[in-house]
Amino acid sequence: MDASRRLPSIVMAWRNLWRNRLRTILAALGIVIGVIAIAGLGITGSALRYGTAQQFSDITDQATVMPGEDAEQQYLTESQVQSIRGVASNATVIPVKQGRVTVSSHTGESYASVDQVTKPRELYSAHKGTIPQPFRTGVLINNETAAYLNVTIGDLIIVGDQSYKVRAIISDGGIGYRNSRVVVSPPALSKQGYSSVMIIAEDGDAAQYLANATKDHFNTEGEVVRTSSYGGLNQRVGSLFSTLNLVLLGIGSISLVVAGVSILNVMLMSTIERRSEIGVLRAVGVRRKDILRMILAEATLLGVIGGAVGAVLSAGIGALLYDTLYSDPLLVFRWASARYLIVGFCFGAFASVLSGIYPAWKAANKRPVEAIRS
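Everything numeric in this text was worked out from a predicted model, so none of it was measured.

Basis of the calculations
Residues numbered from 1 in each chain as written. Predicted model: local features only at pLDDT ≥ 70, side-chain atom pairs only at ≥ 80, totals over all residues. Heavy atoms only, no water. Buried < 20%, exposed > 50% of the residue type's maximum accessible area, 1.4 Å probe, protein only. Helix = DSSP H or I, 4+ residues; strand = E, 2+ residues; numbered from the N terminus. Arc of directions from axis to C-beta. Contact = heavy atoms within 4.5 Å. Axes fitted to C-alpha atoms, helices over the stretch in contact; angles between N-to-C directions. Parallel < 35°, antiparallel > 145°, perpendicular 65-115°, else oblique. Left-handed = near helix turned anticlockwise from the far one by under 90°. Nonpolar A, V, L, I, M, F, W, Y, C, P; charged D, E, K, R; others polar. Pairing = 2+ DSSP bridges. Core = buried A, V, L, I, M, F, W, Y, C linked by side-chain atoms within 4.5 Å. Expected span 1.5 Å × (residues − 1).

Novice: Explain helix α3 (residues 78-87) here, please?
Specialist: Given 3.6 residues per turn, any residue in an α-helix points the same way as the ones three and four places further on. Residues of α3 that are buried: Q80, V81 and I84. For α3, the angular spread of buried residues about the axis comes to 105°, placing them on one side. More than 90 degrees from the buried face of α3, the exposed residues found are S79 and G86. Contact partners of the buried residues in α3: β1 (62-67), β2 (92-104), β9 (196-200) and α5 (204-218).

Novice: Just to check I follow, could you spell out the packing of α3 against α5 for this structure?
Specialist: Where α3 meets α5, the closest approach of the two axes is 10 Å, and the angle between their N-to-C directions is 130°. Between α3 and α5, the angle falls in the class oblique. Considering the relative orientation of α3 and α5, their crossing is right-handed. Counted together, Q80, S83, I84 and V87 of α3 and L210, A213, T214, H217 and F218 of α5 form the full contact between these two elements. Residues of the contact of α3 with α5, tallied by class, amount to 5 nonpolar, 4 polar and no charged.

Novice: What exactly am I supposed to notice about unusual backbone geometry here?
Specialist: What is expected of a backbone is that most residues other than glycine have negative phi and most peptide bonds are trans. Between Q133 and the following residue, P134, the backbone shows a cis peptide bond with an omega angle of 5°. Examined against the element boundaries, P134 turns out to sit in the loop between β4 (126-129) and β5 (139-142). At N150, a residue that is not glycine, the phi angle is positive and equals roughly 55°. The topology assignment puts N150 in the loop between α4 (143-149) and β6 (156-159). Overall, the relative accessible area of 52% leaves N150 in the exposed class. Within the chain, S327 stands out as a residue other than glycine whose phi angle is a positive 60°. Here S327 shows up in the loop between α8 (288-326) and α9 (335-364). Exposure remark for S327: the relative accessible area of 59% places this residue in the exposed category.

Novice: Sorry if this is basic, but what is going on with the pairing of strand β3 (residues 109-116) here?
Specialist: With 6 of 8 residues buried, β3 is to be regarded as a mostly interior element. Relative to β3, β2 is paired through 8 bridges, and the arrangement is antiparallel. Counted as the bridge partner of Q98 is D115 from β3. Taken together, β2 and the strand that follows it, β3, pair antiparallel across an intervening segment of 4 residues. As judged from the 3 bridges shared by β3 and strand β8 (residues 182-184), these two strands associate in the parallel manner. Residue pairing in the sheet places V114 in a bridge with V182 of β8.

Novice: What exactly am I supposed to notice about the nonpolar core here?
Specialist: Soluble globular proteins: nonpolar side chains tend toward being buried together. Membership of the largest hydrophobic core comes to 32 residues, with the highest contact counts inside it found for I31, I43, L256, I263, I295, L302 and Y322. Counting only elements with at least two residues in this core, the list comes to α1 (10-19), α2 (21-56), α6 (233-273), α8 and α9. Among residues more than four places away in sequence, those in contact with I43 are S314, G318, L321, Y322, V332, S337, Y340 and L341. Listed in part, the 18 residues of the second largest apolar core include V65, A88, A91 and V224.

Novice: Even after reading the chapter, I still don't get α5, so can you show me in this structure?
Specialist: Its 15 residues place the ends of α5 22 Å apart at the C-alpha level, agreeing with the 21 Å of an ideal helix rising 1.5 Å per residue. All of the buried residues along α5 are G204, A207, L210, A211, T214 and F218. The arc that holds every buried residue of α5, seen down its axis, measures 125°, which confines them to one face. With respect to the buried face of α5, the exposed residues turned more than 90 degrees away are D205, Y209 and D216. Buried residues in α5 make contact with β1, α3, β9 and β10 (225-229).

The analysis is restricted to geometry; functional conclusions fall outside its scope.
Have a look at this one:
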């Protein structure tokens, strides 16, 4: 049998809604706003979380080993570095010497912090130029030093009493050695031992584990070494933003509750206006469950249409947000963000169906004679 001839049917539900199109549009608009409130706020929280995770992604997989309070000397020896390599055999171990020396160019002079490392590419990211691998010659400087000395890639600067060519300008910011202003290759610094050792692990959990394992290995009789790790930072940030998203979703849900009340009002008004029509349908043999299905189909259509429009608009808003913050609008389709589009759509459809249950039940259980008489 053709769908348009079935009673009740989706086609009839659509026709009933279209007869009062202004009221239908206003009711659907409430769902649209509610879905945008939920999905939009959820995507905003997800975007902030993504940016924070990206900002700290380069340090959460690192652990730092330094001399402890009970160490015989205030530096790490070559023997201790080899022991750390044994503990962290599956990770990258980079010993670091630190010092402060005079750095000068043809235009100026500065007293700068200097790091001597063998694998700078593991610790730094190049803002300009390329960090060589292996790193045997040249020097890396950050933006502040480059601006102060008025130098760029390929220029010569003097570090201490040695002349070096600038190979790359490293990004500013970060934690730990990322704030160092000059990075040189061995043997630029003549000081004995190493100031610290950096352990680069697979992820934050591995970095935290290796930090604890290194500390347990050395500190059997006092604090020979001390360790620090930001391995748990992502987890703490994720927990913070999860709580924030729940709060935002709760705020957005209020809009959908209001929209649900609006749909309840629309469906009640619709059934009251069509009491005689429903009474005639019941009198000619249409069953209660058909009337119930017809009214629920109308509420479902309102929710599906409003939810779909709201999800599309939310995706557009999210794409604009990601494009503004990270210059990549397609990030809105990451599962962490896209799931809020699904949640908003499903919540909108569910709120509509829930709001249509009472009007549908009331219309289906109205006695035909009373309905026709009214």
